[in-house]
Amino acid sequence: MGDPTTRRMGQVSDEEGQLSYGSYLKVPELLALQAPLSKPPAHDELLFIIVHQAFELWFREMVFELEAVRDAMFEGDAHRARHLLRRIHSIERLLIEQLDVIETMSPQDFLQFRSNLSPASGFQSAQFREIEFISGLKEPRFLDGATEPGERERLGRRLEEPTLWEAFRSMLESSGLPMPEGDDETCRTSLLKMARDRDAFADLWYLSEDLLVHDELFSLWRQRHILMVERQIGTKRGTGGSSGAPYLRTTLDKRFFPDLWELRSYL
Ligand code: HEM
């Protein structure tokens, strides 16, 4: 590691040309990114910012991995898809746990700075919508909520891209299990065939289970987030302008892979 006094912002190596921990990871830049607004300073605002920023970093990694999972499925590589899905599951479990940290804030302490946040809200997280879009929940109305440069275009591109389900369907098709779009009966027959003959379709069956875990963990995050929201603000409206917890409850039935959930009923 180089002498910290010789490091400069944006540098990847110190003055002797050696890579250092701080320069590689851009630690000085990272630590300059937390800008609390409250005056006088509210003690818990730093925690609030860091938890949200940590979420956005993990969302970035999730989007990156979800793209790779989709590519792997289009390439017919079930093992790679499963390997990366398990990484995504770990991140999702971490994100559920991470809400514990923000719950150490008391509602009274949150009120010290909450009024400064409006109309900003997690509702505007473009990366959260990217995860939803890639996973199969494409809702064009979220493009209207884009606030930062380039976000609308990025979300627009995601709307055009294939979803995880389309990639999985292509794998089923390549294994002789027809999945014609709009033909629910034929698709259900193919999925049942896969589920009932786990020896012949082991790769596909276990991959479908890993996709389902992604769906389940994301839904658990939604539930956990609502409980945390109710604990913090009760029935108050959201800073983003929604009804708050009642709005969030309307999102609970969202599923990435409804066909995989439905399949259980027919087994
Ligand atoms: C004190 C902590 C928090 C409170 C009180 C809170 C409250 C809310 C509320 C009321 C909404 C509904 C939209 C609105 O009107 O604002 C919402 C949406 C959302 N929040 Fe939070 N939130 C908190 C922490 C977090 C954290 C740490 C994240 C992580 C990124 C997050 C991500 C989201 C997302 C992605 C949505 C949109 C959900 C959807 O539309 O399905 N929130 N939040």
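Fair warning: this is a prediction, and the values are worked out from it, not measured in the lab.

What counts and how
Residues numbered from 1 in each chain as written. Predicted model: local features only at pLDDT ≥ 70, side-chain atom pairs only at ≥ 80, totals over all residues. Heavy atoms only, no water. Donors = N, O, S within 2.8 Å, 3.2 Å for Na, K, Ca; no water. Helix = DSSP H or I, 4+ residues; strand = E, 2+ residues; numbered from the N terminus. Buried < 20%, exposed > 50% of the residue type's maximum accessible area, 1.4 Å probe, protein only. Lys, Arg positive; Asp, Glu negative; His and termini not counted. Salt bridge = Lys/Arg side-chain N within 4 Å of Asp/Glu carboxyl O. Contact = heavy atoms within 4.5 Å. Near = heavy atom within 4 Å. 1 Å grid on protein atoms, 1.4 Å probe; cavity = no way out; pocket = protein on both sides within 12 Å on 5 of 7 lines; lining within 4 Å. Sits in = over half its atoms within 2 Å of the grid points. Nonpolar A, V, L, I, M, F, W, Y, C, P; charged D, E, K, R; others polar. Core = buried A, V, L, I, M, F, W, Y, C linked by side-chain atoms within 4.5 Å. Points joined across faces, edges and corners; volume = space filled by probe spheres on them.

The next thing to look at is the coordination of the iron atom of the ligand. The protein supplies the iron atom of the ligand with one donor atom, H225 (NE2), which lies at 2.2 Å. Tracing the backbone shows H225 in helix 10 (residues 202-233).

Position of D44 among the secondary structure elements: in the loop between helix 2 (27-31) and helix 3 (45-74). For the buried D44, no salt bridge is present, and the opposite-charge side chain at shortest range is R231, 11 Å distant. Excluding its chain neighbours within four sequence positions, the residues that come into contact with D44 are M105, S106, D109 and F113.

So, on to the site of the ligand. Every one of the 28 residues lining the ligand counts as a neighbour, but S121, R129, H225, S242 and Y247 are closest to it. Mapping the ligand onto the cavity grids shows that it belongs to the largest pocket. Of all the elements, helix 10 adds the most residues to the shell around the ligand, at seven residues. Class assignment for the residues of the shell around the ligand results in 14 nonpolar, twelve polar and two charged.

The biggest cluster of nonpolar side chains holds 63 residues, and the ones touching the most others in it are M73, F168, L191 and M194. Sorting elements by how many residues they give to this core places helix 10 first, with twelve residues. Dropping the residues within four chain positions of it, L191 is found in contact with W165, F168, L172, M179, D259, L260 and L263. Listed in part, the six residues of the second largest apolar core include F133, F142, L143 and L155.

Before going further, it helps to spend a moment on the layout of surface pockets. Of the voids in this model, the largest pocket is the one considered here, and its volume is about 1600 Å³. In this structure, the largest pocket is lined by 50 residues; those nearest its centre are H52, A120, S121, G122 and F123. Elements with a contribution of two residues or more to the lining of the largest pocket: helix 3, helix 4 (78-102), helix 5 (107-114), helix 6 (126-135), helix 7 (151-160), helix 10 and helix 11 (245-249). Looking at which element gives the most residues to the lining of the largest pocket, the answer is helix 3, with nine residues. Residue composition of the lining of the largest pocket, grouped by class: 22 nonpolar, 18 polar and ten charged. There is about 430 Å³ of room inside the second largest pocket. Lining the second largest pocket are 23 residues, and of these W165, R169, D184, P258 and D259 lie nearest its centre. When residues of the lining of the second largest pocket are traced back to their parent elements, those giving at least two are helix 8 (164-174), helix 9 (184-196) and helix 12 (258-266). Among the residues making up the lining of the second largest pocket, the classes are represented as nine nonpolar, four polar and ten charged.

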